[in-house]
Amino acid sequence: MEGFLQALSQHTFLQTAVAAALLSSIGCGVMGTYVVVKRIAFIAGGIAHSVLGGMGAAVYFGFNPIYGALPAAIVAALLIGWVRLNWRTQEDTLISALWAIGMAIGVLFIAKAPGYQADLMSYLFGNILLVPSESLWLMVTLDAMLLAIVAAYHRQFLAVVFDEEFARQRGIPVGFFYLLLLVLVAVTVVLMIQVVGLILVLALLTLPAAVAGHYVHSIGRMMLIATLLGAGLSIGGLALSYGPDLPSGPTIILLAGVVYVLSALLAQGLHRRRARLAAERGAGQGESREP
Amino acid sequence: MTTVIEIRSLNFAYGSVPTLSDIDLQVTEGEFLGIVGPNAGGKSTLLKLILGLLQPQSGSLRVLGRSPRAASRMLGYVPQYPSFPRDFPITVEQVVLLGRLGFGQEGGLWRALRPSRTSSDDRDAVRGALEEVEAGDICKRQIGSLSGGQLQRVLLARALVSEPRVLILDEPTANIDQRLEGEIFDLLKTLNRRMTILVVSHDVAFISRYVSRVACINRTLVCHHTDAVDGAVIAELYGDKVRMIAHSH
């Protein structure tokens, strides 16, 4: 750990990596909370994986992959959202199809990319140490946009994630806000792909919010805690991976997984204890009423 | 008397299954209309058509002189089953506050897309609605910690907080015990002094003590004044194997 801190003060690439981790954790906390409470992790997974199509195309035509990822993520979000709103009966089949088709397109593009063969592994599993510093500005812009939209529409988003039918009856354009929410999830996925890659993104999107949900019971607090937790997990994972020279993405995810499992066990234990105390209190009252 | 809901020769089918055929119904302001009928007879479907949540295949349907979609913000709706997960991280107060969305909003999409903030009027309305349904003391509770009866009151408060002109309830007492059922209907009777009420129920004998008219739906619709609901009507509606409980008005 000391080695990591020392290296952090010396190397700009590590400082960039930490900045990227912090910036992606904002999206992870805010949108991850919506993904968890609305139970759309599968949809988020579909968006994340089909992004490879856009990244592959960008590589093929010689752009920074991130500029291919962003439009691909948004198109995938709109397609999947449209499927969900209109073909509910076959939702899972169609999302799986889009998931796989996006990846297939990406792999074909990358295979046929001229010149230097891009490292497929770093798209799939991320390499936070390779985040170029100019990507940080894109991340700042996307974070700012995301926070502004959520601040403006948090009531509508809450209505749509809580109870779509009631939201529709109140005259809220549910389709519009649902698609907007998915587009923001897509933007978050792009932010986080640089940190952990598109296969592992799902874990970092959902686990911090799920851990927060074990202890707090409001969307706002979940977002705050999930953001802090996401930042801590990404930087912690990065620090752990630095010494033994492990890939950072999988280390971060493994750390998040361990924290989640421990937290789930702890939350379960606390829940049982509360129930037992309540039952004992109830039994005590019963006795005192006896003549 | 103003007509608040006007339905003429309405037909609706889910897929190829006709659910409602040739429905005619007029509801005037201030009515307390009970809607009864067997399961899958189309009761909930009729409510959803009135609320603009479903579109009829043919026939006309006007609510407060407008299309159901345009009028839906002026209605209050209490669904039969809560259409949200019970473990959702939200308090009673926040649930009722969502009922204020779209309140006082006239006009089209641009209005609906305007960011809205919670005003002090909204907070007052939430407090008022919760007190009216006698749930003021649970406003900070998590929705998942409520009993069936408490949840039903909260859903009623969520519908009332937008000051609706028509209150529409789908089996509001299906999941709670009989004493609470009476309390809820007494409350509805009070509310009926200032708004029109439509309530779906499977218990024709019970609701006929409260409502002014009963609409019987089993794909088609027949209306009765409550005095006229007798064994013959019920037998026609449900078949004769219904156990009757005598009641007087």
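Thresholds, definitions, all that
Residues numbered from 1 in each chain as written. Chains lettered and ligands numbered in written order. Predicted model: local features only at pLDDT ≥ 70, side-chain atom pairs only at ≥ 80, totals over all residues. Heavy atoms only, no water. Pairing = 2+ DSSP bridges. Helix = DSSP H or I, 4+ residues; strand = E, 2+ residues; numbered from the N terminus. Axes fitted to C-alpha atoms, helices over the stretch in contact; angles between N-to-C directions. Contact = heavy atoms within 4.5 Å. Salt bridge = Lys/Arg side-chain N within 4 Å of Asp/Glu carboxyl O. Buried < 20%, exposed > 50% of the residue type's maximum accessible area, 1.4 Å probe, protein only. pLDDT = per-residue confidence, 0-100. Core = buried A, V, L, I, M, F, W, Y, C linked by side-chain atoms within 4.5 Å.

Visitor: Is there a simple way to think about the sheet that holds strand β4 (residues 58-63) of chain B in this case?
Guide: Each strand in a sheet pairs with its neighbour through backbone hydrogen bonds, running either in the same direction (parallel) or in the opposite one (antiparallel). Residues and elements named next belong to chain B. If you walk across this open sheet you meet the three strands as β2-β1-β4, and the pairing is antiparallel. Either end of the sheet is taken by a strand with one partner, and the two such strands are β2 (17-28) and β4. Strand-to-strand twist in this sheet, taken as the mean axis angle between neighbours without regard to direction, amounts to 20 degrees. In terms of strand pairing, strand β1 (residues 3-14) meets β2 through eight bridges, oriented antiparallel. Counterpart to Y14 in the pairing with β2 is V17. The sheet strands contacting helix α1 (residues 43-50) are β1, β2 and β4, and the helix crosses β1 at an angle near 120 degrees.

Visitor: Looking at this structure, how should I read the pattern of salt bridges?
Guide: Oppositely charged side chains are able to pair whenever their charged atoms sit close together. Applying the stated criterion to the full structure yields 15 salt bridges over all chains. A salt bridge links D163(A) to R158(B); its shortest N-O distance comes to 3.1 Å. One end of the pair, D163(A), is in the loop between α7 (133-162) and α8 (164-169); the other, R158(B), is in helix α6 (residues 148-160), on a second chain. Accessibility classification places D163(A) together with R158(B) in one group, the buried group.

Visitor: Looking at this structure, how should I read the confidence of the model for chain B?
Guide: Should pLDDT be low for a region, the predicted coordinates there are not to be read in detail. On average, chain B scores 83 in pLDDT, and the residues at 70 or more come to 86%. The low-confidence segment residues 240-249 of chain B (pLDDT under 50) makes ten contacts with residues lying over four places distant or belonging to another chain.

Visitor: Could you clarify how one ought to interpret the nonpolar core in this entry?
Guide: Soluble globular proteins: nonpolar side chains tend toward being buried together. One finds M31(A), Y34(A), F157(A), L156(B), L167(B) and L188(B) to be the most contacted residues of the largest nonpolar core, which totals 140 residues. If you tally residues by element for this core, the top one is helix α9 (residues 174-215) of chain A, at 27 residues. If we ignore the near neighbours within four places in the chain, the residues touching L156(B) are V78(B), V133(B), L167(B), L169(B), L187(B) and L188(B). If you look at the next biggest cluster of nonpolar residues, it comprises 31 residues, including I5(B), L25(B), V200(B) and L221(B).

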